[in-house]
Structure formats: C-alpha cells, structure tokens
Amino acid sequence: DQQVKQNSPSLSVQEGRISILNCDYTNSMFDYFLWYKKYPAEGPTFLISISSIKDKNEDGRFTVFLNKSAKHLSLHIVPSQPGDSAVYFCAARATGTASKLTFGTGTRLQVTL
Amino acid sequence: KAGVTQTPRYLIKTRGQQVTLSCSPISGHRSVSWYQQTPGQGLQFLFEYFSETQRNKGNFPGRFSGRQFSNSRSEMNVSTLELGDSALYLCASSPEGHLLTEAFFGQGTRLTVV
C-alpha cells in the first residue's frame, strides 16, 4: 500500500529551465510534507517542507506547492543547475506520528548542459 | 556540529547470521528513526526511538529490532538474515523540541547478505 507515490521514476531537464517533480498521497491524515535530495552513497538531505495549513513554501530556487483537495504536491526548481542532479524523495508525516516519515519511491532528476 | 554517524558503512554477512548496526544522532537530538532503502521500494520506516523507548514501528518482521541508549545512540539488530535484507539502512535523528522538524539522515550502512 503505497501511500506516497512519485509516478515519474526519472526526469531530464536542461540547465536553466524549470524542474517540476510531482508527488501524490492517499492518506488524509498526512499534515506535513518534506522533500529530500539524495546523492549516491549519501544519506538523504532535507530540502524544503510544507505544513498542510499552507499551499506554498519557497526557499531560494526551491518552491513546494500543496494541493490538499487533490492530495498532490510538487517541487519546483528554478533555475535548474547540474548540481541538482540527484534522486528526489517526497515524504509525509501523519498527525501524531512524530518522526515517522512515509516516503515515495523517488524521482531521479538529470539536469543536462 | 557533527552530523548523524552510522557504523559500519559497509557490511557483508551470510544468510542466517545476525547483524547489529549503530547510529549516533546529532548532539541534543533525542529521536532516532531507522529506514530501509531497497531499489524499487524507496525508504521504508522500520522504527523510531525517543528517550530510550520505541515510539513508532513499521511493518517489518520481528527479526528486526532496535534499542536506544541514554545518550540517544541507537542500534538496530537483524537476526536470521535473509537475502532480501540486503539494503541500505539509514538512520535519522530529530530534535523533537519542535513539532514540525525535519529529520537529519546519516550516510547509511550498506548491508549485503550472501
């Protein structure tokens, strides 16, 4: 039962363009969402998060949008840079479950020159 | 300050053996969570410890267990290893002083069962 889904296993974007990574969830108890970036042989690194009381959160080149009615969130990276090439994981936390995160299967982003 | 430290980084074990992995959280962090990452499955939650008590548990068999010490360091143990236990095991620590905090991950322990 995959409660957090990232339906695109991979994405290729040209340097300087916008990267849009998508994530869908099914559990209506999720109230906090996070994006992590992971390079090979390293642990995931926190990128940006959003609470369910918001619909947008921005941090530099990274913006996360949340559409609660559609149970959908997206990560926008503008402009994309070669160093952004990594696997991106969407994660969610349900109310009252403290640090338990439910992750999607990840999207591999390749930013080309 | 130092990040989350996991030891060992790599491990090769034989089917049927048991293994213990260690995680030292960021200083001051009281919550430690463990995740298993396998190709195609993403990261799956194993369990979370807070103040030496298991607070949350994922859907893994009883062969997977853990504990947390008074200094917040945590260990996880897998008994009677199976080939399917080959994975990257990640530990994450969290301050827990604030409800909405992100988890900080270690580099993981790559376990190979042969």
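Our subject is the structure that appears above.
To keep things clear, this report deals only with the structure shown in the data block. (Residues numbered from 1 in each chain as written. Chains lettered and ligands numbered in written order. Predicted model: local features only at pLDDT ≥ 70, side-chain atom pairs only at ≥ 80, totals over all residues. Heavy atoms only, no water.)

Observations concerning the overall build of chain A
- Counting its secondary structure elements, chain A contains zero helices and eleven strands.
- Ordered by position in the sequence, the α and β elements of chain A form the string β-β-β-β-β-β-β-β-β-β-β.
- In terms of C-alpha radius of gyration, chain A reaches 13 Å, essentially the compact-globule figure of 13 Å for 113 residues.
- Principal-axis analysis of the C-alpha atoms gives chain A an extent of 45 × 30 × 20 Å.
- Of the contacts formed within chain A by residues at least 6 apart in sequence, a portion of 54% connects residues at least 24 apart.
- When the accessible surface of chain A is summed, it comes to about 5300 Å², and 49% of that surface belongs to carbon and sulfur atoms. (Helix = DSSP H or I, 4+ residues; strand = E, 2+ residues; numbered from the N terminus. Rg over C-alpha atoms; globule rule 2.2 N^0.38 Å. Contact = heavy atoms within 4.5 Å. Areas by Shrake-Rupley, 256 points an atom, 1.4 Å probe, with all protein chains shown as cover.)

Details of the state of the cysteines
- On inspection of all chains with the given rule, the structure shows two disulfides over all chains.
- The side chain of A:Cys23 participates in a disulfide bridge whose partner is A:Cys90; the two sulfur atoms lie 2.1 Å from each other. Because the sign of the S-S torsion sets the handedness, a value of about -70 degrees for the bond joining A:Cys23 and A:Cys90 places this disulfide among the left-handed ones. Of this pair, A:Cys23 sits in strand β3 (residues 19–25) while A:Cys90 sits in strand β9 (residues 86–94), and the two are 67 residues apart along the sequence.
- Across a sulfur-sulfur distance of 1.7 Å, B:Cys23 and B:Cys91 are joined as a disulfide pair. Around the S-S axis, the bridge from B:Cys23 to B:Cys91 shows a dihedral of about -50 degrees and counts as left-handed. With B:Cys23 in strand β3 (residues 19–24) and B:Cys91 in strand β9 (residues 87–94), this pair connects stretches of sequence that are 68 residues apart.
- Judged by relative accessible area, which is 0%, B:Cys91 ranks as buried. (Disulfide = S-S within 2.5 Å. Buried < 20%, exposed > 50% of the residue type's maximum accessible area, 1.4 Å probe, protein only.)

Overview of empty space enclosed by the protein
- Applying the stated criterion across every chain yields a total of one cavity of 30 Å³ or more.
- Around the largest cavity sit A:Leu34, A:Tyr36, A:Arg93, A:Ser99, A:Leu101, B:Ser94, B:Thr101, B:Glu102 and B:Ala103, which together line it.
- Looking at the lining of the largest cavity residue by residue, the class counts come to four nonpolar, three polar and two charged. (1 Å grid on protein atoms, 1.4 Å probe; cavity = no way out; pocket = protein on both sides within 12 Å on 5 of 7 lines; lining within 4 Å. Points joined across faces, edges and corners; volume = space filled by probe spheres on them. Nonpolar A, V, L, I, M, F, W, Y, C, P; charged D, E, K, R; others polar.)

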